[in-house]
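Letter by letter, the chains look like this.
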Amino acid sequence: MAAVQGLGSVVTLSSGHSFDSRRGRHRLVLQHQSELSRDYLINGSGQRLTDGAKRSLKFSPGAVLTKAETASGSTSAKSGHELLLFEALREGLEEEMDRDPRVCVIGEDVGHYGGSYKVTKGLAKKYGDLRVLDTPIAENSFTGMAVGAAMTGLRPIVEGMNMGFLLLAYNQISNNCGMLHYTSGGQFTIPTVIRGPGGVGRQLGAEHSQRLESYFQSVPGLQMVACSTPYNAKGLMKAAIRSENPVILFEHVLLYNLKERIPDEEYICSLEEAEMVRPGEHVTILTYSRMRYHVMQAAKTLVNKGYDPEIIDIRSLKPFDLYTIGNSVKKTHRVLIVEECMRTGGIGASLRAAIIENFWDYLDAPIMCLSSQDVPTPYAGPLEEWTVVQPPQIVTAVEQLCK
């Protein structure tokens, strides 16, 4: 566990390693991996605290922000191995390619270059050019080819270099990936994984800073998950590859260098379960991807002010894990949704509607939703930050909810 407090600070990762955040800005295509955003307070694996520790944590002036990960996301500090998030994705992919010869990778620069963010580095040399296939810059063509490959029995993983580029393959993803199982009367399954980096980076510009969760959430037949830690990145990657459904795996461009210790033994994360990040009593905060760390940073302030937030990383963006979410709402009676997606038609809007429909009687206050502004992401750094939810806004929202 470690904190990043401001520009020029030294960022300490859960591994105990550190790096200087004053280095150059994040680039779109990297030979060397980018640094983590300076805005984060990063939660490592951690251990669950006892009730006594929870009470002391709640009011301690020097409180640590977390009550730790749940058992599904926690690992012993004495076992396992440390990986960056992009390395965890690669390890999960490699394990599945070893296990199942039908698994293949298709996309731009995924072969001998190793992927724009090095998720597929070394795989072409190990498995050959037919299983790790470099393609032209033609997203609709190679995504359609992946759908055809899945129909004939392969299990392709599509990387589009940047999720924004896959808008060019929207027809293949929606009309083909999502619907062929139904329109074929169940004769075909489409076990395809569509993955890649997205989200607001550090001055990547509007076209490379898109949050496409809301674009795909209404397409029948698709599942969507968002990874936020090395542990769940690997677990979700393996689960997505094994699924008979088409799965979109959202990765955030600013989380690739997040480090965590993960188990040596094999594990898989459920594609339909949320993760309890921090148990609490006063308010349920629902979030995912990069905003998990903004929420955790805000939680440090909230704990020191005497609030006890329950933080859930929803992970499954479609379908929602209403069992975990509902149990939390029944306990806290207040809900704050924090997302990087746009406010209009975003994940938060759908999640709020689902909570109102299913758990209205348990709410003691209106559901609040903090989302990115409905504008193209500016290139200028200060303006970019203005468009995205920041930790002080989360603190203010919780204070208003708990009045």
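The preceding data block contains the structure.
A short tour of the structure in this document, coming up. Owing to the predicted nature of the structure, the values given are computational and were not obtained by experimental measurement.

About the criteria used
- Residues numbered from 1 in each chain as written.
- Predicted model: local features only at pLDDT ≥ 70, side-chain atom pairs only at ≥ 80, totals over all residues.
- Heavy atoms only, no water.
- Phe/Tyr/Trp six-rings, centres within 6.5 Å; stacked < 30°, edge-to-face > 60°.
- Helix = DSSP H or I, 4+ residues; strand = E, 2+ residues; numbered from the N terminus.
- Lys NZ or Arg CZ within 6 Å of the ring centre and 35° of its normal.
- Pairing = 2+ DSSP bridges.
- Axes fitted to C-alpha atoms, helices over the stretch in contact; angles between N-to-C directions.
- Contact = heavy atoms within 4.5 Å.
- Expected span 1.5 Å × (residues − 1).
- Buried < 20%, exposed > 50% of the residue type's maximum accessible area, 1.4 Å probe, protein only.
- Arc of directions from axis to C-beta.
- Core = buried A, V, L, I, M, F, W, Y, C linked by side-chain atoms within 4.5 Å.
- Salt bridge = Lys/Arg side-chain N within 4 Å of Asp/Glu carboxyl O.

## Digging into the packing of aromatic side chains
Overall, the coordinates contain three aromatic pairs when judged by the stated rule. Judged by centre distance (5.3 Å) and plane angle (25 degrees), the ring pair of tyrosine 170 and phenylalanine 216 falls under stacked. Taken together, the residues span a long stretch of sequence, with tyrosine 170 in helix H5 (residues 170–177) and phenylalanine 216 in helix H7 (residues 213–216) at a distance of 46 residues. When the ring centre of tyrosine 113 is taken as origin, the NZ or CZ atom of lysine 118, which lies over that ring, is 3.6 Å away.

## Here's the deal with the sheet that holds strand E15 (residues 309–313)
Within a sheet, adjacent strands bond to each other through the backbone by hydrogen bonds, running parallel or antiparallel. Ordered in space as E13-E15-E14-E17-E18, the five strands form an open sheet in which the pairing is mixed. This sheet does not close on itself; its edge strands, each paired only once, are strand E13 (275–278) and strand E18 (368–372). In this sheet, neighbouring strand axes are inclined to one another by 25 degrees on average, regardless of whether the strands run parallel or antiparallel. Contacts from helix H11 (residues 347–359) reach strand E14 (283–287), strand E17 (335–342) and E18 within the one sheet, and its direction differs from that of E17 by about 150 degrees.

## Focus: helix H4 (residues 139–151)
Spanning 13 residues, H4 covers 18 Å between terminal C-alpha atoms, matching the ideal 18 Å at 1.5 Å per step. Of all the residues in H4, the buried ones are Glu139, Phe142, Thr143, Ala146, Val147, Ala149 and Ala150. For H4, the buried positions fall inside an angular range of 160 degrees around the axis, keeping them on one side. Against strand E6 (103–107), strand E8 (155–159), H5 and helix H6 (180–183) lie the buried residues of H4. In the segment just after H4, glycine 153 is the residue with positive phi, at about 115 degrees.

## Topic: unusual backbone geometry
Of note, the bond from lysine 318 into proline 319 is cis; its omega dihedral lies within 30 degrees of zero at 0 degrees. Assignment of secondary structure puts proline 319 in the loop between strand E16 (316–318) and helix H10 (322–332). The phi dihedral of serine 289 falls on the positive side, at around 55 degrees, and the residue is not glycine. Relative to the helices and strands, serine 289 resides in the loop between E14 and helix H9 (291–304).

## Considering the nonpolar core
With 44 residues, the main nonpolar core has Ile248, Phe250, Leu286, Ile314 and Ile355 as its most contacted residues. Considering every element that reaches this core, the biggest residue donor is H11, with five residues. Aside from chain neighbours lying at most four places away, what touches phenylalanine 250 is Met163, Gly196, Leu212, Glu213, Phe216, Met224, Val225, Ala226, Cys227 and Leu317. Leu83, Val103, Val110 and Ala233 belong to the second-largest nonpolar core, a separate cluster that totals 41 residues.

## With respect to the pattern of salt bridges
Within the structure shown, the criterion is met by 22 salt bridges. Between glutamate 244 and arginine 155 there is a salt bridge, and its shortest N-O distance comes to 3.2 Å. Taken together, the positions of glutamate 244 in the loop between helix H8 (230–242) and strand E11 (247–252) and arginine 155 in strand E8 put the pair 89 residues apart, joining distant regions of the chain. The class for glutamate 244 is partly exposed, based on a relative accessible area of 42%.

## Focus: the environment of leucine 154
When you line up the elements, leucine 154 lands in the loop between H4 and E8. Expressed as a C-alpha distance, the spacing of leucine 154 and valine 103, which sit 51 residues apart in the sequence, is 6.2 Å. Once residues within four sequence positions are removed from consideration, leucine 154 is found in contact with Arg102, Cys104, Ala149 and Pro191.

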